[in-house]
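# Architecture at a glance
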Amino acid sequence: MALILPKGYDPVLSVRETQEAIKYIRDTFQKEFGKEMNLERVSAPLFVSKSSGLNDNLNGVERPVSFDILGIPNEEYEVVQSLAKWKRMALGEYNFAPGEGLYTNMNAIRRDEELDNLHSCYVDQWDWEKVIRKEDRNIKTLEDTVKTIFKVIKHMEHEVWYKYPQAVKHLPDDIFFITSEELRQMYPDKTPKERENLITKEHGCVFVEKIGGALGDGKPHDGRSPDYDDWELNGDILFWFENLDCALEISSMGIRVDEDAMESQLKAANAEDRKNLPFHKSLLAGELPYTIGGGIGQSRLCMLLLNKAHVGEVQSSVWPADMIEACKKNKMILL
């Protein structure tokens, strides 16, 4: 996705008003989200040891930022790319019961991102995870949870409207569910991103299910690490975003792998060597709770609710000099 400069773009709020709105959205959302989902806020690491196997390898090609620590020789540490596996381990160590969960502010560096309107090398999201029973590992649990998240986001639209009626983006009233295979069959000649755009433009908000495994054409809809989401019980929440004429992903989430799903997905991904890592050993031994979880982009949510055209308008990061200048000429002031 190349840089998009929307014609006639009006940011509505000044930079200082935007900063005020960002704080309001973040403070309000996490409070409402935690209450609605029965989640407790916890502290989380900025980096983990490479040998723990806890870091998220995303699509398997992104390079984590790594370094050593003077006081801990012979160990390499990595800035987290997400907390997908750490959260599950924490739920077990903190003795959370089924129906209880946690959320945390996750900050990460993804140095291999292609920088554009939606993608930054700085990631800020609410990572969350909840314990469920084994018998609740099903599509109903997944879709009920998605509906709850959508309800909280929709409620935030009304909250923001009270304070910033001139700036708020109006969201659809419902979320539409479709599997990645159904979507492929609808648009067999389109790329996965083109399919997402078409279905999201039609419905306003969509949850695309079952991401990671091979579809009918032998290709996955999108890449997913094999050792946290169950590829049959996961998906992405997408909103149609007129400013950029594309689908805006707000959340990637899912029911996490059990022992069988871990085995089969590691084999499919040719990553069975991970079985020797501490996290994977614990999971395969049945020592970790069954969970559902995901991430919700903080800057993405602010961008959506405030109808901003560039993620750099709602987060402070680094951008190429020519992008900063081009955005400035289009009234898009990057923080």
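Below or above, wherever it landed, is the structure these notes cover. If you're wondering where the values come from, they're calculated on a predicted model, not measured in any experiment.

Now for the packing of helix H3 (residues 139-163) against helix H8 (residues 298-306). In the contact formed by H3 and H8, the axes pass within 10 Å of each other and the chain directions differ by 55 degrees. When the axis of H3 is compared with that of H8, the two are oblique. Crossing geometry of H3 relative to H8 is assigned as right-handed. Contact residues: H3 offers Ile153, Met156, Glu157 and Val160, while H8 offers Leu301, Leu305 and Leu306. By residue class, the composition of the contact of H3 with H8 is six nonpolar, no polar and one charged.

Inspection of every chain in the model, using the stated rule, returns 10 aromatic pairs. Geometrically, the ring pair formed by Phe33 and Trp128 is edge-to-face, given 6.2 Å between the ring centres and 80 degrees between the ring planes. Linking Phe33 in helix H1 (residues 15-37) with Trp128 in strand S6 (residues 122-131), this pair joins segments that are 95 residues apart in sequence. Trp128 matches Phe33 in its accessibility class, with the two residues each being buried. Among the aromatic residues, ring-to-ring pairing joins Phe29, Phe33, Trp126 and Trp128 into one connected group.

The next thing to look at is the sheet that holds strand S11 (residues 291-297). Strand order in this open sheet of eight strands is S1-S5-S6-S11-S10-S9-S8-S7, and the pairing throughout is mixed. Two strands in the sheet have a free side with no partner beyond their single neighbour: strand S1 (39-41) and strand S7 (176-179). For this sheet the average axis-to-axis angle between neighbouring strands, irrespective of direction, equals 25 degrees. Pairing analysis gives five bridges linking strand S8 (residues 205-209) to strand S9 (residues 229-241), with the strands arranged antiparallel. Of the residues in S9, the one forming a bridge with Val208 is Asp236. In this fold helix H2 (residues 84-93) packs onto strand S5 (101-109), S6, strand S10 (246-256) and S11, with an angle of close to 35 degrees to the strand it touches most, S6.

Attention now goes to the sheet that holds strand S3 (residues 66-69). With respect to topology, three strands assemble into an open sheet ordered S2-S4-S3, the strand pairing being antiparallel. Of all strands in the sheet, those with a lone pairing partner are strand S2 (47-49) and S3, marking the two edges. Looking at each pair of strands side by side, their axes are set apart by 40 degrees on average, direction ignored.

On to the nonpolar core. One finds Phe29, Phe33, Trp128, Ile149, Ile237, Phe239 and Met253 to be the most contacted residues of the largest nonpolar core, which totals 57 residues. In this structure, Val42, Trp86, Met106 and Phe279 belong to the second largest nonpolar core, which totals 22 residues.

Rules of the game
- Residues numbered from 1 in each chain as written.
- Predicted model: local features only at pLDDT ≥ 70, side-chain atom pairs only at ≥ 80, totals over all residues.
- Heavy atoms only, no water.
- Axes fitted to C-alpha atoms, helices over the stretch in contact; angles between N-to-C directions.
- Helix = DSSP H or I, 4+ residues; strand = E, 2+ residues; numbered from the N terminus.
- Parallel < 35°, antiparallel > 145°, perpendicular 65-115°, else oblique.
- Left-handed = near helix turned anticlockwise from the far one by under 90°.
- Contact = heavy atoms within 4.5 Å.
- Nonpolar A, V, L, I, M, F, W, Y, C, P; charged D, E, K, R; others polar.
- Phe/Tyr/Trp six-rings, centres within 6.5 Å; stacked < 30°, edge-to-face > 60°.
- Buried < 20%, exposed > 50% of the residue type's maximum accessible area, 1.4 Å probe, protein only.
- Pairing = 2+ DSSP bridges.
- Core = buried A, V, L, I, M, F, W, Y, C linked by side-chain atoms within 4.5 Å.

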